[in-house]
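Chains, contacts and geometry: an overview
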Amino acid sequence: MKCEKGEKFSHGNLIRYGTFDVSPAAGILNYRQGIFEGLKEYRTEERSILLFRPEENALRMKAGADRLCMTSPSVEQFIKAVKDTVLANKCWVPPAGRGTLYLRPLLMGTGATLGVGLSTEYTFLIYCSPVSNYHKKRWLDPAGLCCNGHGSGNGVGGDKNGNWNGGENGGGKPRVS
């Protein structure tokens with residue numbers, strides 16, 4: 001789904017996964033004007049598919065968009081897009097206990113704005129992929145990480161409490177020791 005600055009998102013459509021054109025002057029590339037979410041969809045023993053709290057993800061995306069002065073899809077549009085994406089990809093939801101279908105909703109400033117300012121256009125999309133249960137049987141092997149401590153946990157002025165996810169996916173620059 002796309003919308004112009006100051007307008008509302010309208011109905012979107014499903015397309016095959018692939019690349020898309022974006023201006024080198026897009027807000028997402030130059031000013032990190034973007035937000036992402038992550039959802040996991042599970043298959044039950046009865047072969048039903050369960051959505052895990054999509055309304056919480058929708059509200060968090062909306063809160064982040066408000067903070068970044070971005071136009072966002074409504075909660076209803078977000079949930080409908082999640083459901084449509086899952087239904088179109090239900091054959092990729094792993095069997096019960098063998099993994100999940102991971103969805104990555106993105107909201108990006110895609111309008112060309114060379115200069116400090118808000119994007120003139122916003123794009124909302126969701127892509128997905130099956131993933132395994134990588135936490136199920138063993139703990140992750142620990143790695144020695146060091147963060148540089150500069151800036152906040154989620155970008156300049158970002159949110160350290162997990163209330164929204166900025167385009168840089170986590171902030172600080174870790175180094176393995």
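For the structure, see preceding data.
Residues numbered from 1 in each chain as written. Predicted model: local features only at pLDDT ≥ 70, side-chain atom pairs only at ≥ 80, totals over all residues. Heavy atoms only, no water.

1. A few points about the overall build of the protein chain
Tallying secondary structure elements over the protein chain gives three helices and eight strands in all. When the elements of the protein chain are put in sequence order from the N terminus, they spell out β-α-β-β-β-α-α-β-β-β-β. Looking at the 177 residues of the protein chain, the share that counts as buried comes to 35%. Across the protein chain, the fraction of contacts at a sequence separation of at least 24, relative to all contacts at a separation of at least 6, is 69%. Accessible area of the protein chain: about 11,400 Å², with a carbon and sulfur share of 55%. (Helix = DSSP H or I, 4+ residues; strand = E, 2+ residues; numbered from the N terminus. Buried < 20%, exposed > 50% of the residue type's maximum accessible area, 1.4 Å probe, protein only. Contact = heavy atoms within 4.5 Å. Areas by Shrake-Rupley, 256 points an atom, 1.4 Å probe, with all protein chains shown as cover.)

2. Observations regarding the layout of surface pockets
If you add up the space inside the largest pocket, you get close to 1,000 Å³. As for the largest pocket, its lining consists of 31 residues, and the residues nearest its centre are Asn13, Leu14, Ile15, Leu125 and Ile126. At the level of secondary structure, the elements contributing two or more residues to the lining of the largest pocket comprise α3 (75-88), β5 (100-109) and β6 (121-131). It is β6 that provides the largest number of residues to the lining of the largest pocket, a total of eight residues. Split into classes, the residues belonging to the lining of the largest pocket amount to 16 nonpolar, eleven polar and four charged. (1 Å grid on protein atoms, 1.4 Å probe; cavity = no way out; pocket = protein on both sides within 12 Å on 5 of 7 lines; lining within 4 Å. Points joined across faces, edges and corners; volume = space filled by probe spheres on them. Nonpolar A, V, L, I, M, F, W, Y, C, P; charged D, E, K, R; others polar.)

3. Thoughts on helix α2 (residues 54-67)
Counting along an α-helix, one turn takes 3.6 residues, and residues three or four places apart therefore face a common direction. Between its first and last C-alpha, α2 extends 20 Å over 14 residues, near the 20 Å set by a 1.5 Å rise per residue. Of the positions making up α2, those classed as buried are Pro54, Asn57, Ala58, Met61, Gly64 and Ala65. Down the axis of α2, the sector holding all buried residues measures 130°, keeping them to one side. Packed against the buried residues of α2 are β2 (34-36), β3 (39-43), β4 (49-51), α3, β5 and β6. (Expected span 1.5 Å × (residues − 1). Arc of directions from axis to C-beta.)

4. Details of the packing of α2 against α3
Relative orientation of the contacting elements α2 and α3 amounts to 130°, with a least axis distance of 9 Å. With respect to α3, the element α2 is oriented oblique. In this structure, α2 crosses over α3, and the sense of that crossing is right-handed. Listed contacts from α3 to Pro54, Glu55, Asn57, Ala58, Leu59 and Met61 of α2 are Val75, Phe78, Ile79 and Val82. Looking at the contact of α2 with α3 residue by residue, the class counts come to eight nonpolar, one polar and one charged. (Axes fitted to C-alpha atoms, helices over the stretch in contact; angles between N-to-C directions. Parallel < 35°, antiparallel > 145°, perpendicular 65-115°, else oblique. Left-handed = near helix turned anticlockwise from the far one by under 90°.)

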